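# An overview of the molecular structure
For reference, the chains in residue letters:
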Amino acid sequence: MNVRITARTSGTTSVTTSATGATFVALPANRATAVTLFNYTGTPIEWRIGTGTAITLNASLAITIPGLQDASMVSLRRVDQSNTPVTVQIFFHD
């Protein structure tokens, strides 16, 4: 028997960090059970779920975050909290 798994919703988007630097920016709301962050910004970023502990994602790396109910549960900012915004690419799926 062949089994085919398909996602109900998937897509790509991007999030730009805050112009104030220290503020976390939530991902756009989307019924996603997992998101992948692609940090091609040239600078480390921090991500967190809800108000949890921030985790660093260094430049030129990606991470998949499973176990979500909505993509907006994840937020991010620059580690150096610079007020120069950078844009992080995102893939989400349900």
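### Considerations on the overall build of the chain
Within the chain one finds zero helices and eight strands. Going residue by residue from the N terminus, the α and β elements of the chain occur as β-β-β-β-β-β-β-β. In summary, the chain has a C-alpha radius of gyration of 14 Å against a globular reference of 12 Å for 94 residues, a match within 12%. For the C-alpha atoms alone, the extent of the chain along its principal axes is close to 55 × 25 × 20 Å. In the chain, which comprises 94 residues, the share counted as buried stands at 35%. In the chain, 6 positive and 4 negative side-chain charges are present, and the distance between their average locations comes to 6 Å.

### A few points about the sheet that holds strand β7 (residues 74-78)
Pairing in this open sheet of four strands is antiparallel, and the strands run β2-β7-β4-β5 from one edge to the other. In the strand order of this sheet, the two ends are held by β2 (25-26) and β5 (55-57), each with one partner. Sheet analysis places strand β4 (residues 45-49) next to β7, joined by five bridges and oriented antiparallel. Paired with isoleucine 49 across the strands is valine 74, a residue of β7.

### Observations concerning the nonpolar core
Formed by 16 residues in total, the largest nonpolar core has its most connected members in Leu27, Val35, Leu37, Trp47, Ile65, Val74 and Leu76. For this core, the secondary-structure elements that each account for two or more residues are β3 (34-39), β4, β7 and β8 (87-93). With three residues, β8 is the single largest residue contributor to this core.

### Examining the sheet that holds strand β1 (residues 10-16)
Pairing is antiparallel across the open sheet formed by four strands, whose spatial order is β1-β8-β3-β6. At either end of the open sheet lies a strand with only one pairing partner, and these are β1 and β6 (61-66). Across the sheet, the axes of successive neighbouring strands diverge by a mean angle of 20°, strand direction being ignored. As paired strands, β3 and β8 are joined by five bridges and run antiparallel to one another. Looking at β8, one finds that leucine 37 is bridged to isoleucine 90.

### Quick look at the environment of alanine 59
For alanine 59, the location among the structural elements is in the loop between β5 and β6. For alanine 59, a relative accessible area of 27% corresponds to the partly exposed category.

What counts, and at which threshold
- Residues numbered from 1 in each chain as written.
- Predicted model: local features only at pLDDT ≥ 70, side-chain atom pairs only at ≥ 80, totals over all residues.
- Heavy atoms only, no water.
- Helix = DSSP H or I, 4+ residues; strand = E, 2+ residues; numbered from the N terminus.
- Rg over C-alpha atoms; globule rule 2.2 N^0.38 Å.
- Buried < 20%, exposed > 50% of the residue type's maximum accessible area, 1.4 Å probe, protein only.
- Lys, Arg positive; Asp, Glu negative; His and termini not counted.
- Charge placed at Lys NZ, Arg CZ, Asp CG, Glu CD.
- Pairing = 2+ DSSP bridges.
- Core = buried A, V, L, I, M, F, W, Y, C linked by side-chain atoms within 4.5 Å.
- Axes fitted to C-alpha atoms, helices over the stretch in contact; angles between N-to-C directions.

Scope: geometric values only; no functional claims are made or implied.
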